[in-house]
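Next come the chains, spelled out residue by residue.
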Amino acid sequence: MKKINPFKTCLMLLCILGASIGNAQQMANNSEIEKAMIRAMEWQEDHPIFAVSPTDWTNGAYQIGITRAYDATKNQIFLAALKNLGYRNNWNTHDRFYHADDVTVSYGYLYLELNDTRKNYVDLKPTTTFLNAHLFEPNPWKEGTDKQKFKKILWWWCDALFMAPPVITLYAKHTGDMKYLDAMHDYYMETYNLLYDKEERLFARDMNYQWGVNEKDLKEENGKKIFWSRGNGWVLGGLALILNDMPEDYKHRKFYVDLYKEMAKRIKELQPEDGLWRTSLLSPESFDHGEVSGSGFYTFALAWGVNNGLLDKAEYTPAITKAWSALMACQHENGMVGWVQNIGADPQPASVDSWQNFGTGAFLLAGSEVLRMK
Amino acid sequence: MKKINPFKTCLMLLCILGASIGNAQQMANNSEIEKAMIRAMEWQEDHPIFAVSPTDWTNGAYQIGITRAYDATKNQIFLAALKNLGYRNNWNTHDRFYHADDVTVSYGYLYLELNDTRKNYVDLKPTTTFLNAHLFEPNPWKEGTDKQKFKKILWWWCDALFMAPPVITLYAKHTGDMKYLDAMHDYYMETYNLLYDKEERLFARDMNYQWGVNEKDLKEENGKKIFWSRGNGWVLGGLALILNDMPEDYKHRKFYVDLYKEMAKRIKELQPEDGLWRTSLLSPESFDHGEVSGSGFYTFALAWGVNNGLLDKAEYTPAITKAWSALMACQHENGMVGWVQNIGADPQPASVDSWQNFGTGAFLLAGSEVLRMK
Amino acid sequence: MKKINPFKTCLMLLCILGASIGNAQQMANNSEIEKAMIRAMEWQEDHPIFAVSPTDWTNGAYQIGITRAYDATKNQIFLAALKNLGYRNNWNTHDRFYHADDVTVSYGYLYLELNDTRKNYVDLKPTTTFLNAHLFEPNPWKEGTDKQKFKKILWWWCDALFMAPPVITLYAKHTGDMKYLDAMHDYYMETYNLLYDKEERLFARDMNYQWGVNEKDLKEENGKKIFWSRGNGWVLGGLALILNDMPEDYKHRKFYVDLYKEMAKRIKELQPEDGLWRTSLLSPESFDHGEVSGSGFYTFALAWGVNNGLLDKAEYTPAITKAWSALMACQHENGMVGWVQNIGADPQPASVDSWQNFGTGAFLLAGSEVLRMK
């Protein structure tokens, strides 16, 4: 999955010629990981991209990656980028209060407020306004009045479980007000009840991918249900983020822990030999190559579980190590993280050259927890 | 025209030492062209420059280059930059409605609206407001009341034929309203009648460069008239852009086809041996080195003509190939496109280190059509 | 202080193998300096950072470095960055009119207005408003009513002598109105009288670092007073900037010349063997490594003095040369300038990886005057 790098070839040849190449080989492994993360972020910063605006969910997911990278490394290079993103966004959310996607970007703002030394620097008013409207005011999705019938709950698609709940958890931590967590839990349960396939222990992307809903069931060529890798990556990655900041004694915490463990086990079972998950979890042959965004979220979530005592270290470490090595091999020499499926809602192919900011975010998330395993 | 690259030297030496250097030499030619274009854009994005604002013509011409690069490659790296430029400009034109320069930047906005999947994402109101005022409302240039007497028509300088007409053509395509093309044609004819030298088949930059206008005729040291390379590049490049989107059955299309063919032939005749045009077309010895902005526009225009059946492939391909190879040799290792004459109105020298965003734009335009010749 | 660069190692090995590596070794020294400066700026532009906003003093000090780099090289790459910074700041100062830090950024705006060909392009209104309020309207610091008693004059900390006076000098040059210089002189004298230690010929950072002020004197482990390298760097660098633009016949000029010469001599005496000053001038052993921001300002100031006939060339050149070589060795291969002490108010350690925009600014200032020594 990696392009030929003439410079590495050059170094290699020199080795063959018997020359010693400094201390490159002795570089600490963690230093290599951090460098890969920095290069990923630097490339992404040089190539700004968004669906509609720097305040949208694509940039939000990327920003979460930067946030966790800073948290793990305390390297100012990530902090500077995080502050710059927030400042240039004027600390705004995106504009649809009913849409979970439009508050993802607040994760970084909240983290800064909670962790930076400069108090009251971040303007949290737009985030507060958004969350109060999102959670406590009526909208067509909540009320099930949208003309598209599958949009009948607030978070009617599984990606939403990454987009809003970790932000809400951090907001509850910031305010100390558990009513936000309580409201989150109610909506989370709606989505869980609607989209979680208990037999497969995976989330349907939305009702359209469930059987018995539409006139004709959507299925893979092999006859199986469609379970999208990134979609489940959003959920499992979101669970790790939620658990990271949810109070240990929060009354519903056990639900999230159990769901996290169950899905983590299932995802590990589904890991392909080369370490990277395919875009269609139950039909890997559909597009038989690793995909980075889903795999990045899984790697992050599994490593977080090991680091926080929710998963058995001996059991999960080989899967994590294999996945991270494969993720690093998807990074180009210039820092670009390839093999990212484009914006979508179901399994589609990726390529060595396909990239997205949220794919870079997934890469940063994975690296941030792998770093902590050492 | 290229700096020594120690890395290439290194590779070369390794070759001499008998070592094989991977598959670098087998790289497809088109891939090399696209990579050169990407590096040019990346360097330019890292070095923002403008005359007065990112909405001005310098950035507009650069943005047209990115637009056509995306159109030719469908590489998301160009699309992301294009959206980012438009978003950060808030889809605004620059502010002088009477000035063709100030609407160039709308070319990219219109292209996005016409070609991106996200409809109504681009805000075309500023462009509409500008074009309606520019074409249909009075101003001192149109009325010939400017105190500088050579500014006696709307488009009194030949550069204007690149700055506004391609935007107007795209706007007519977007709206389907031919009144925009009709108005454009009227103003275009004014400029043609005023500045086109039928004997030399070249445009004077403005009336000051015509003989018999001022007390003392401006002339080159060799006694010839001053015909500026970039000025004629604006015209010929603009003609290719206009023809690219003008309806095949538009009543005045033949005028543009004929003018395009006549100028293309003349420009080919004037091409220096090394492939790159000098800044003074009839006095190449004035500054006897290739210049990239004019040459880029010519290369783009000639290649566009071959690709679209207006020019004979066998006859024009050698000139295009020679020009493109020479253009690529003006790109530095870091991606910067050098040998670009600075902002001006007449032939002046360039240097290996002189660059401008519109020079990068010309380079991208040239590459985008050369890519299509394969 | 420099990381191993495998590429250089590679080149070196090839040399050992008897191969000639082009003309790299014959490169003019000034070209190397300018390239180092360009790479420093490019890296910094790729890594925007600020304390609270791009209009704050950190970015202001960086922008002064770019300004002087352009002035010394006339390289458009610096001019483009300077215009871009100003344009994106909308030519605004930061917002506290009583605070010297918040007008530093206007230095670049004023330079552009004075030196660029496009007159009235820069909007100087925010700067004018700031300076009139700062110098001629009451505020708690001026009046000594701040609850923190050491903030009892307008410029109560020595850094302020870099932050505002060079801007005021440039503003006086722009307007030709000496009342600005006169007001500056009054406030400068207050700071000089309050914080200058005539015995040590160094500035205390603020009253807290003077003895006999607080209940318990602050002192280094070696028992000496705390004199902060960057703090004195702000003062000496600021003096060079002030003298650069203060009229030769200004009535108080002699005071600044004398202070400049006295401090320059002292700083030279205190230079460590390896060329770079430690963060604690009288206790180098506290953090026994060179620090780039203070050293950069000193190198700039000393070289400026030689170039402008205030310091003896033979006497000062060795110190400047040694310092500049050591500064260049603190630059990473990717252009990043390391070994910069973070934001602070007293001596603290730096590291190979610690960087700040004002550190890059100090590097650019140093390079800009070293360039002129050749």
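If you're wondering where the values come from, they're calculated on a predicted model, not measured in any experiment.

Asker: Could you give me a rundown of the overall build of chain A, with the residues and numbers involved?
Answerer: Across its full length, chain A holds 15 helices and two strands. In summary, chain A has a C-alpha radius of gyration of 20 Å against a globular reference of 21 Å for 374 residues, a match within 12%. Each principal axis of the C-alpha atoms in chain A carries an extent, and together these give about 70 × 55 × 40 Å. A total of 374 residues make up chain A; the buried ones form 62% of that total. In chain A, once contacts between residues fewer than 6 apart in sequence are set aside, the share between residues at least 24 apart is 70%.

Asker: Please set out the packing of aromatic side chains residue by residue, giving values where relevant.
Answerer: Under the defined criterion, the tally for this structure stands at 87 aromatic pairs over all chains. For the ring pair Trp324(B) and Phe363(B), a centre distance of 5.0 Å and an interplane angle of 40° mean the geometry is tilted. Taken together, the positions of Trp324(B) in helix H14 (residues 313-328) and Phe363(B) in helix H15 (residues 357-371) put the pair 39 residues apart, joining distant regions of the chain. Ring centres 5.3 Å apart and planes at 85° place the aromatic pair Phe150(C) and Trp156(C) in the edge-to-face group. The pair Phe150(C) / Trp156(C) is uniform in exposure class, with both members buried. Put simply, the rings of Tyr188(A), Tyr192(A), Tyr196(A), Phe203(A), Phe255(A) and Tyr256(A) pair up and form one aromatic cluster. Directly above the ring of Phe136(A) sits Lys179(A), whose terminal nitrogen or CZ lies 5.3 Å from the centroid. One residue, Lys74(B), lies across the ring of Tyr70(B), its end atom 5.5 Å from the ring centre.

Asker: An account of the packing of helix H3 (residues 57-73) of chain B against helix H11 (residues 229-245) of chain B is needed here, citing residue identities and associated values.
Answerer: Residue and element names in this part refer to chain B. One can describe the packing of H3 onto H11 by two numbers: an axis separation of 13 Å at closest approach and a directional angle of 50°. On the basis of the axis angle, H3 is oblique to H11. Note that H3 runs across H11; the crossing there is left-handed. Across the interface between the two elements, Trp57, Ala61, Ile64 and Arg68 from H3 touch Trp234, Leu241 and Asn244 from H11. In terms of residue class, the contact of H3 with H11 is built from five nonpolar, one polar and one charged.

Asker: A description of the packing of helix H11 (residues 229-245) of chain C against helix H13 (residues 292-307) of chain C should follow, citing residues and the corresponding values.
Answerer: All names here are of chain C. The N-to-C vectors of H11 and H13 enclose an angle of 30°; their axes lie 8 Å apart at closest approach. In terms of orientation, H11 lies roughly parallel with respect to H13. Crossing handedness for the pair H11 and H13: left-handed. Residues Ser229, Arg230, Asn232, Gly233, Trp234, Leu236, Gly237, Ala240, Leu241, Leu243 and Asn244 of H11 pack against Ser293, Gly294, Ser295, Phe297, Tyr298, Phe300, Ala301 and Trp304 of H13. Its residues assigned to classes, the contact of H11 with H13 comprises 10 nonpolar, eight polar and one charged.

Asker: Kindly report on the pattern of salt bridges, identifying the contributing residues and their values.
Answerer: According to the stated counting rule, one finds 63 salt bridges over all chains in the structure shown. Between Glu248(B) and Arg253(B) there is a salt bridge, with the nearest N and O atoms lying 3.5 Å from each other. Its salt-bridge partner being Asp71(C), residue Arg372(C) comes within 2.7 Å of it at the nearest N-O pair. Residue Arg372(C) is found in helix H15 (residues 357-373), and its partner Asp71(C) is found in helix H3 (residues 57-73); the two are separated by 301 residues along the sequence. Exposure remark for Asp71(C): the relative accessible area of 16% places this residue in the buried category. Linked by salt bridges that have partners in common, Arg68(A), Asp71(A), Lys74(A), Glu369(A) and Arg372(A) make up one network.

Asker: Got a sec to walk through the environment of Tyr87(C)? Specific residues and values, please.
Answerer: In this fold, Tyr87(C) is placed in helix H4 (residues 76-88). A relative accessible area of 29% places Tyr87(C) in the partly exposed class. Along the sequence, Tyr87(C) and Asp206(C) sit 119 residues apart, while their C-alpha atoms lie 34 Å from each other. Aside from chain neighbours lying at most four places away, what touches Tyr87(C) is Phe50(B), Val52(B), Ser53(B), Pro54(B) and Tyr121(C).

Asker: So what about the confidence of the model for chain A? Which residues, and what values?
Answerer: With 93% of its residues at a pLDDT of at least 70, chain A reaches an overall mean of 93. Complex prediction metrics read pTM 0.91 and ipTM 0.89.

Asker: Describe unusual backbone geometry, with residues and values.
Answerer: Backbone phi values are negative for most residues with the exception of glycine, while trans is the configuration of most peptide bonds. You will see that Trp91(B), though not glycine, has its phi angle at about 60°, which is positive. Here Trp91(B) shows up in the loop between helix H4 (76-88) and helix H5 (106-115). The backbone of Trp339(C) shows a phi angle near 60°, a positive value even though the residue is not glycine. Tracing the chain through its elements places Trp339(C) in the loop between helix H14 (313-329) and H15.

Asker: Break down helix H15 (residues 357-371) of chain A for me, with residues and values.
Answerer: Residues lying three or four places apart along an α-helix face the same way, a consequence of the helix completing one turn every 3.6 residues. For H15(A), which comprises 15 residues, the first-to-last C-alpha distance of 21 Å matches the rise-based estimate of 21 Å (1.5 Å per residue) to within 8%. The element H15(A) is extensively covered by neighbouring structure, given that 15 of its 15 residues are classed as buried.

Asker: Explain the side chain of Arg230(B) to me, and be specific about the residues and the numbers.
Answerer: All names here are of chain B. Tracing the backbone shows Arg230 in helix H11. The class for Arg230 is buried, based on a relative accessible area of 1%. If we skip the residues at most four places from it in the chain, Arg230 touches Glu291, Ser293, Gly294, Phe297, Gln341, Asn342, Ile343, Gly344 and Phe358.

Asker: Got a sec to walk through the environment of Lys265(A)? Specific residues and values, please.
Answerer: Residues and elements named next belong to chain A. Structurally, the position occupied by Lys265 is in helix H12 (residues 253-269). Look at Lys265 and you get partly exposed, because its relative accessible area is 43%. For the pair Lys265 and Ala350, spaced 85 residues apart in the sequence, the C-alpha separation amounts to 25 Å.

Asker: Mind laying out the environment of Ile242(B), listing which residues take part and the relevant values?
Answerer: Residue and element names in this part refer to chain B. As for its placement among the helices and strands, Ile242 is situated in helix H11. Classification of Ile242 as buried rests on a relative accessible area of 0%. In contact with Ile242, other than residues within four places in its own chain, are Leu161, Pro165, Pro166, Thr169, Met184, Tyr188 and Tyr256.

Asker: I'd like to hear about helix H13 (residues 292-307) of chain A, residue by residue, with values.
Answerer: Residues and elements named next belong to chain A. Relative to the 22 Å expected for 16 residues at 1.5 Å per residue, H13 spans 22 Å between its end C-alpha atoms, a close match to the ideal helical length. Counted residue by residue, H13 has 15 buried out of 16 residues, so it is predominantly covered. Downstream of H13 by a residue or two, Gly309 has a phi angle that is positive, lying close to 75°.

Asker: Go over the side chain of Asp102(A) with me, naming the residues and quoting the values.
Answerer: You can see Asp102(A) is positioned in the loop between helix H4 (76-88) and helix H5 (106-115). Residues in contact with Asp102(A), not counting those within four places in the same chain, are Thr55(A), Thr93(A), His94(A), Asp95(A), Arg96(A) and Phe130(A).

Criteria and cut-off values
Residues numbered from 1 in each chain as written. Chains lettered and ligands numbered in written order. Predicted model: local features only at pLDDT ≥ 70, side-chain atom pairs only at ≥ 80, totals over all residues. Heavy atoms only, no water. Helix = DSSP H or I, 4+ residues; strand = E, 2+ residues; numbered from the N terminus. Rg over C-alpha atoms; globule rule 2.2 N^0.38 Å. Buried < 20%, exposed > 50% of the residue type's maximum accessible area, 1.4 Å probe, protein only. Contact = heavy atoms within 4.5 Å. Phe/Tyr/Trp six-rings, centres within 6.5 Å; stacked < 30°, edge-to-face > 60°. Lys NZ or Arg CZ within 6 Å of the ring centre and 35° of its normal. Axes fitted to C-alpha atoms, helices over the stretch in contact; angles between N-to-C directions. Parallel < 35°, antiparallel > 145°, perpendicular 65-115°, else oblique. Left-handed = near helix turned anticlockwise from the far one by under 90°. Nonpolar A, V, L, I, M, F, W, Y, C, P; charged D, E, K, R; others polar. Salt bridge = Lys/Arg side-chain N within 4 Å of Asp/Glu carboxyl O. pLDDT = per-residue confidence, 0-100. Expected span 1.5 Å × (residues − 1).

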